[in-house]
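Take a look at the letters that make up each chain.
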Amino acid sequence: MDIINKIKEGLGHFSPAEDKVAHLILSDLEFAATASINELADKASVSHASITRLAKSLGCENVRDLKFQITQSAAIGERFTTSEPIEKKDIFHVYSSIQEILELNVGLISEEAVMTAAEAICNTRHCLIFGVGGGSSMLAMECQNRLFRLDVLCNAHSDPMMMRMTASTINKNDVVLCLSLSGVSPDVIAAARIAKEYGANIIAICPLGELADIADVHLPIKTQESDYIFKPSAARYAMMAAIDILSSEVATKNQRRSKEKLRRLKIQLDQHRNQNSDAPPADTRFPLGD
């Protein structure tokens, strides 16, 4: 349990003096993280001993440990800790944030990098796709969804142990496509290093960082988070666009094989939608897989 939650859970159960210090900490994390014990005691109108007792009540080794944990909690930003209500945004804010993240990323990925990555994928025996967390794991599956229909043998993995195990079975010149919205995902980085040891080509879709440094081909993205914490991050649209850029290039390079696979998909999907009718589909432009 993080220190802020511990303090909130303890309110009303501390001694009156400890309660004063707890309320002071919650009202001003920045001050509590940087103030001396004298300043804390003076502002809360309590003794030094009360602050020490609160630290012990919270399971901290001492006041220094308490302040260190407060500093860690304060580092996430006031937008997550303020008691002030956050004004509701209208629905158009969702569209504008998507547009802003896409505009931020236009031109970041070079034609040369895309062509190199697509060439490696077209020539690979097997492509592994790694991504963990809410956004990257979902987009790893989406990447598999894009590539299998282009006649690319691929498998997406989000479980850290499976990523390590499959990375260790890779053959030389196989491809590992790594996705990370932060670029500092420890599990993806560890699996990428394992695969690289065995001669895999590492392609990374991520911001600049440790994962990008490991990659043989880096398709860069940038993220941008707003202060409105109640809307899902728009960063995943930047990664989705990068995946679409890459898969489009793979489809073009591999078009003799990919066109045939797409034709088969179209036939089977149309038949599925018209199981109870002999008539051709009214709309020939349905998406290739809902």
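Not measured: the values here are computed from a predicted model.

Caption draft 1: Expanded view of the packing of helix H1 (residues 3–10) against helix H2 (residues 16–27). Viewed as axis vectors pointing N to C, H1 and H2 meet at an angle of 135°, and their least axial separation amounts to 10 Å. With respect to their mutual orientation, H1 and H2 come out oblique. Read as a crossing pair, H1 and H2 show a hand that is left-handed. Across from Ile4, Ile7, Lys8 and Gly10 in H1, the residues of H2 making contact are Asp19, Ala22, Ile25 and Leu26. A breakdown of the residues in the contact of H1 with H2 according to their chemical character gives five nonpolar, one polar and two charged.

Caption draft 2: Main features of the sheet that holds strand E5 (residues 217–220). Taken together, the five strands give an open sheet; going across it, the order is E2-E1-E3-E4-E5, and neighbouring strands pair in parallel fashion. Of all the strands in the sheet, just strand E2 (154–157) and E5 have a single pairing partner and so form its edges. Direction aside, the axes of adjacent strands within the sheet are offset by 15° on average. Across four bridges, strand E1 (residues 127–130) lies against E2 in parallel orientation. Following the sheet pairing, Phe130 is matched in E2 by His157.

Caption draft 3: Structural context of the state of the cysteines. The final tally for this structure, using the stated rule, is zero disulfides. Left without a disulfide partner, Cys178 is nearest to the cysteine sulfur of Cys206, which lies 8.2 Å away. Residue Cys178 is classed as buried on the basis of its relative accessible area of 0%.

Caption draft 4: View of the nonpolar core. In terms of nonpolar packing, the biggest core is built from 35 residues, with Ile129, Leu147, Leu177, Leu179, Ile205 and Val250 touching the most fellow members. Where this core is concerned, the elements lending two or more residues are helix H8 (111–123), E1, helix H9 (133–148), E2, strand E3 (175–179), strand E4 (201–206), E5 and helix H13 (235–253). When neighbours within four sequence positions are excluded, Val250 is seen to be in contact with Ala118, Ile121, Cys122, Leu147, Leu150 and Val152. Core analysis: the next-biggest nonpolar cluster, separate from the first, contains 25 residues, Ile25, Leu40, Val46 and Cys60 among them.

Caption draft 5: Just the pairing of E1, in detail. Residues Cys127 and Ile129 of E1 are buried on one face, and the alternating residues Leu128 and Phe130, pointing to the opposite face, are buried as well. The handedness of the E1 to E2 crossover, carried by H9, is right-handed. Of the pairings in the sheet, the one linking E1 to E3 comprises four bridges and is parallel in character. Looking across to E3, one finds that Cys127 is bridged to Val175.

Caption draft 6: Fine view of helix H7 (residues 92–105). Taking 1.5 Å of rise per residue, the 14 residues of H7 would be expected to cover 20 Å, and the 20 Å separating its terminal C-alpha atoms lies within 8% of that figure. Those residues of H7 that are buried are in contact with E5 and H13. Trailing H7 by a residue or two, Gly107 shows a phi angle of about 90°, which is positive.

Calculation criteria
Residues numbered from 1 in each chain as written. Predicted model: local features only at pLDDT ≥ 70, side-chain atom pairs only at ≥ 80, totals over all residues. Heavy atoms only, no water. Axes fitted to C-alpha atoms, helices over the stretch in contact; angles between N-to-C directions. Helix = DSSP H or I, 4+ residues; strand = E, 2+ residues; numbered from the N terminus. Parallel < 35°, antiparallel > 145°, perpendicular 65-115°, else oblique. Left-handed = near helix turned anticlockwise from the far one by under 90°. Contact = heavy atoms within 4.5 Å. Nonpolar A, V, L, I, M, F, W, Y, C, P; charged D, E, K, R; others polar. Pairing = 2+ DSSP bridges. Disulfide = S-S within 2.5 Å. Buried < 20%, exposed > 50% of the residue type's maximum accessible area, 1.4 Å probe, protein only. Core = buried A, V, L, I, M, F, W, Y, C linked by side-chain atoms within 4.5 Å. Right-handed = clockwise from strand over helix to strand, strands pointing away. Expected span 1.5 Å × (residues − 1).

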